[in-house]
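Inside the fold
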Amino acid sequence: MTSDFAEMTLSDYLAQGGRLTSPGNVPPRYRAELMKLMATFVDSNLAGAAGFADAINLAPGIKARGAAARIVAEKLANADRVLALMGEFGADTDRYVQQHPWDTRLDRDADIGATRIEQDMRLAVFNYPFTGWADSVVMNLLMGTAVVTQLEELRQVSYQPLAEAFRDILKVETHHAKLAEDGVSALVEQGENLQASVDYWMPRVGVSFGIGDAGRLEQLKAMGLRRQDNATLKSAWEGRIRPILDGFGLEG
């Protein structure tokens, strides 16, 4: 049996909703895309946790600081769970976290679009800094809601161990988004003007859904690693976040 025939058979299997369960039955092209997906998730969580950790001591009270600390710890745990799966494919998990300074940020007025920095696979939005506690809470509401939208897609990936991990992580991230929503509610009640932060973060979070590549999307669909296109996912996020913002008197 040739490798081309084997891949064709696998494509048919995946197209019918089949699942792969271990590194041993994953072909090279699928492996490369799967590793990229996992690295993007891990790097984004490491960078996100590092950035939000710096904001913990900016929180206005013990409860807010405790909630922020839990979010940081749980994001690191989520990263660790997916990194463990990468380790099964040969990634050096002991050295991985030391590859980049995850807390580094660009200037506030930088505009890198969807660009990644060198081999750092974090989503571009995690390269921007916070201006304070309120700004960090707004970003976490917008990005947390985006992450929930993205994980609802990714929990269906054809690599079963990762799909199971994402299903569990979705529950955690849904709670994080709710905590951020509660945080924004408290800030609004205190009279904080949050519109400037919404205006800053909304387009940057929107870019995290990608700029779209029809050919690549079809390849990922054939592998069972994607189902919906970027525009559809972004629209779903906007449909979810805008009513929340409207409820706070904010424009998204």
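Rules behind the numbers
- Chains are numbered independently. Their residues run from 1 in the order of the written sequence.
- Local features are withheld for residues below a pLDDT of 70 in this predicted model, meaning they are given only at 70 or higher, and side-chain atom pairs are given and counted only at 80 or more; totals for whole chains, interfaces and linings count all residues.
- The basis for every side-chain value is the complete set of heavy atoms in the structure, and neither hydrogens nor water enter the calculation.
- Think of a 1 Å grid over the protein atoms and nothing else: a 1.4 Å probe that fits but is trapped marks a cavity, an open set flanked by protein within 12 Å on at least five of seven lines marks a pocket, and residues with an atom within 4 Å of a point count as lining.
- Grid points are joined across faces, edges and corners, and a volume is the space filled by probe spheres set on the points.
- Residues are grouped as follows: Ala, Val, Leu, Ile, Met, Phe, Trp, Tyr, Cys and Pro are nonpolar; Asp, Glu, Lys and Arg are charged; every other residue, Gly included, is polar.
- In DSSP terms, a helix is any run of H or I states spanning at least four residues, a strand is any run of E spanning at least two, and both are numbered starting from the N terminus.
- Geometry is summarised by axes, namely lines fitted to C-alpha atoms with helices restricted to the contacting stretch, and by angles between N-to-C directions that run from 0 to 180 degrees.
- By the definition adopted for this analysis, an angle is roughly parallel if under 35 degrees, roughly antiparallel if over 145, roughly perpendicular if from 65 to 115, and oblique otherwise.
- Each crossing is labelled by how the near helix is turned from the far one, with a counterclockwise turn of less than a right angle marking it left-handed and a clockwise turn marking it right-handed.
- Only heavy atoms matter for contacts: two residues are in contact if any of them lie within 4.5 Å across the pair.
- Here, the term nonpolar core denotes a set of buried Ala, Val, Leu, Ile, Met, Phe, Trp, Tyr and Cys residues that are joined through side-chain atoms within 4.5 Å.
- Only protein chains enter the calculation, and the probe is 1.4 Å; a residue is then buried if its accessible area is under 20% of its type maximum, exposed if over 50%, and partly exposed in between.
- Expected span of a helix: the number of residues minus one, times 1.5 Å.
- We count a salt bridge whenever a side-chain nitrogen from Lys or Arg sits within 4 Å of a carboxyl oxygen from Asp or Glu.

1. Quick notes on the layout of surface pockets
Roughly 1,200 Å³ of internal volume is contained in the largest pocket. Thr40, Arg116, Leu123, Ser208 and Phe209 are, among the 50 residues lining the largest pocket, the residues nearest its centre. Considered class by class, the residues forming the lining of the largest pocket number 26 nonpolar, 13 polar and 11 charged. In this structure, the second largest pocket spans a volume of roughly 280 Å³. Around the second largest pocket, the lining is made up of 16 residues, and of these Ala64, Trp133, Leu179, Asp182 and Gly183 lie nearest the centre. When residues of the lining of the second largest pocket are traced back to their parent elements, those giving at least two are helix H3 (62-88), helix H5 (133-154) and helix H6 (160-189). Sorting elements by how many residues they give to the lining of the second largest pocket places H6 first, with six residues. Across the lining of the second largest pocket, the residue classes break down as 12 nonpolar, three polar and one charged.

2. Side note on the packing of helix H2 (residues 28-53) against H6
Two elements in contact, H2 and H6, have axes whose closest approach is 13 Å; the angle formed by their N-to-C orientations is 25°. With respect to H6, the axis of H2 lies roughly parallel. Relative to H6, H2 is oriented so that their crossing is left-handed. Listed contacts from H6 to Leu34, Leu37, Met38, Phe41 and Asn45 of H2 are Leu162, Phe166, Ile169 and Glu173. Class assignment for the residues of the contact of H2 with H6 results in seven nonpolar, one polar and one charged.

3. Structural notes on the nonpolar core
Counting residues in hydrophobic clusters, the biggest one holds 82 residues, and the most contacted among them are Tyr30, Met38, Met86, Leu142, Met143 and Leu162. When residues of this core are traced back to their parent elements, those giving at least two are helix H1 (3-15), H2, H3, H5, H6, helix H7 (195-207) and helix H9 (230-247). Apart from residues lying up to four places away in sequence, Leu162 is in contact with Leu34, Leu37, Met38, Val82, Leu85 and Val157.

4. Some remarks on H3
Between its first and last C-alpha, H3 extends 39 Å over 27 residues, near the 39 Å set by a 1.5 Å rise per residue. Looking at the buried residues of H3, the elements they touch are H2, helix H4 (93-96), H5 and H6. Immediately downstream of H3, the backbone of Gly90 shows phi near 105°, a positive value.

5. Points about the pattern of salt bridges
Under the counting rule described, the total for this entry stands at 10 salt bridges. Linking Glu238 and Arg242 is a salt bridge whose minimum nitrogen-to-oxygen distance equals 3.8 Å. Here Glu238 and its partner Arg242 are both found in helix H9, four residues apart, which amounts to about one turn of the helix.

Such coordinate-based values are descriptive only and should not be taken to indicate function.
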